[in-house]
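Residue strings, one per chain:
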Amino acid sequence: FNRHVILTVKHPSKNLAQWAFKFQSSNTDIGETPDWKDLTEDPSAMCFAQGDKTVVFVDHFTLFKFIGELLGASGGEEVAWRRFRVGVFAEPLFLDTDIFQLRVRGWQDNDADEQRAQGKERHLGAVQLGDDKVLHLAGDGGNLSVILEHLLPGWLVFNSDRQTIPFSSLWNEHAEMPSCTFNFEWKPSDPVSKRLGCRITALQMSHTGKAVSIDVLKQLLPRQATQSPFEGSLDPESTFLQLQPELRPTPRCVPPFPNEWQFCHLCVVLDLENPTGKDWRSVAEALHLPSEFIQWMKQQKDPTRRLLDFLAAQHREDSLRVLRDALADIGHE
């Protein structure tokens, strides 16, 4: 990239002291087996946990993996449990369509999250297949495995019959409701009634006794001439961003600096090492940024620009107020 890009990923921790994080990257091409290496081996990248987010600075495309381990979960301490619900959804299934998708979605067992989950599926024009089931998840970091079983004859699964929903996307109360998708193709070997039937089982592999299963049986019907109320209302990109607003790119500063000159002038002033401490390092310390991030910034040629971009990514429309407060804390006019 011409400039660094900042990625922010929400994680499930409310108390960072309870978690240990490992950040890894792989520069292998898509389709190749990833060669995971510690992110600290890449001097151009930086990653740290801040609040409820993992923040990553990158300057080129690569693969990333964030691993969070709940401290004490394997040491005999009591594990926290939460109630979730799991449901199966699909867009309308018609006789003249040979390729289908089933989506398995999880949400916390409360009215507000259920309404959000159902609302997302309505935006996608999907209907629920079968009843959703209660699933108890343990807070020890185990991912949710979703297994497709007992598929009726005539159907071929494109991808694997086992999918994974990351634990962090489920346990984090602020994350978007996660899902996984199974893709099917209709290839009958003999004339049979065109029905889609299967069983979806969801479980944490470390707690298999809490598994739940949903049986799906759907008769395919002739296509109706009426148009879906969601069809054609938004282009694909707008629909995607409406359903996943957290993936919408953030401008550098929201609201922006009055003009580019003031932004560059602030970078020049704060980049210069000040014997009284009124420089970018004091601003970073006032913002309680981790020491490893400050040390990494010292090696960069534009530390203030990176710091201001981080503020915009982390605080969005509140970024200028946070900056003014930090400047006031260090006595900078």
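Right above here is the structure, for reference.
Presented here is a report on the structure given in the accompanying data block. Counting restarts for each chain: residues are numbered from 1 in the order of the written sequence. Per-residue local features of the predicted model are confined to residues with pLDDT of at least 70, and side-chain atom pairs are confined, for both listing and counting, to 80 or more; whole-chain, interface and lining totals are unaffected and use all residues. The side-chain figures draw on all heavy atoms in the structure; neither hydrogens nor water molecules are used.

### Re helix H1 (residues 111-123)
Next, step 1: Under the DSSP-based scheme used, a helix requires at least four consecutive residues in state H or I and a strand at least two consecutive residues in state E, with every element numbered from the N terminus. One less than the residue count of a helix, multiplied by 1.5 Å, gives the span that helix is expected to have. Between its first and last C-alpha atoms H1 spans 18 Å; for 13 residues at 1.5 Å apiece the expected length is 18 Å, and the two agree.
Next, step 2: Here H1 has its buried residues at Asp-113, Ala-117, Gln-118, Gly-119, Lys-120 and Glu-121.
Next, step 3: Following H1 by one or two positions, Gly-125 has its phi on the positive side, about 70°. A 1.4 Å probe rolled over the protein chains alone gives each residue an accessible area, and that area as a share of the maximum for its type sets the label: buried under 20%, exposed over 50%, partly exposed in between.

### Regarding the packing of helix H7 (residues 303-315) against helix H8 (residues 319-329)
Next, step 1: Following both chains from N to C, one finds H7 and H8 inclined at 130°, their axes separated by 8 Å at the closest point. In this view, H7 runs oblique relative to H8, as classed from their interaxial angle. For the element pair H7 and H8, the recorded crossing hand is right-handed. Every residue of H8 that contacts H7 at Leu-308, Leu-311, Ala-312 and His-315 is listed here: Ser-319, Val-322 and Leu-323. Axis definition: a line fitted to C-alpha atoms, over the contacting stretch in the case of helices. Angles run 0 to 180 degrees between N-to-C directions. Any angle from 65 to 115 degrees is called roughly perpendicular, while one under 35 is roughly parallel, one over 145 is roughly antiparallel, and all others are oblique. Crossings are assigned a handedness: left-handed for a near helix turned anticlockwise from the far helix by less than a right angle, right-handed for a clockwise turn. Note on contacts: a residue pair qualifies if any of its non-hydrogen atoms lie within 4.5 Å across the two residues.

### Side note on the environment of Ala-117
Next, step 1: Positionally, Ala-117 belongs in helix H1.
Next, step 2: Accessibility expressed as a relative area gives 0% for Ala-117, which makes it buried.
Next, step 3: In this structure, the C-alpha to C-alpha distance between Ala-117 and Glu-176, residues 59 residues apart in sequence, is 9.4 Å.

### Remarks on the side chain of Gln-163
Next, step 1: Topologically, Gln-163 is positioned in strand S13 (residues 162-165).
Next, step 2: Among the residues examined, Gln-163 registers a relative accessible area of 18% and is labelled buried.
Next, step 3: Once residues lying within four places of it in the same chain are set aside, the contact partners of Gln-163 are Leu-144, Ser-145, Val-146, Cys-180, Thr-181 and Phe-182.

### Comments concerning helix H6 (residues 291-298)
In an α-helix, one turn spans 3.6 residues; hence positions three or four apart end up facing the same way.
Next, step 1: Every buried residue of H6 is accounted for by Phe-293, Ile-294, Trp-296 and Met-297. Burial along H6 is one-sided: seen end-on, the buried residues are contained in an arc of 160°.
Next, step 2: The inward-facing, buried residues of H6 abut strand S4 (46-50), strand S5 (53-58), helix H5 (280-286) and H7. Directions are taken from the helix axis to each C-beta atom, and the arc is the one they span.

Taken by themselves, the reported measurements are silent on function.
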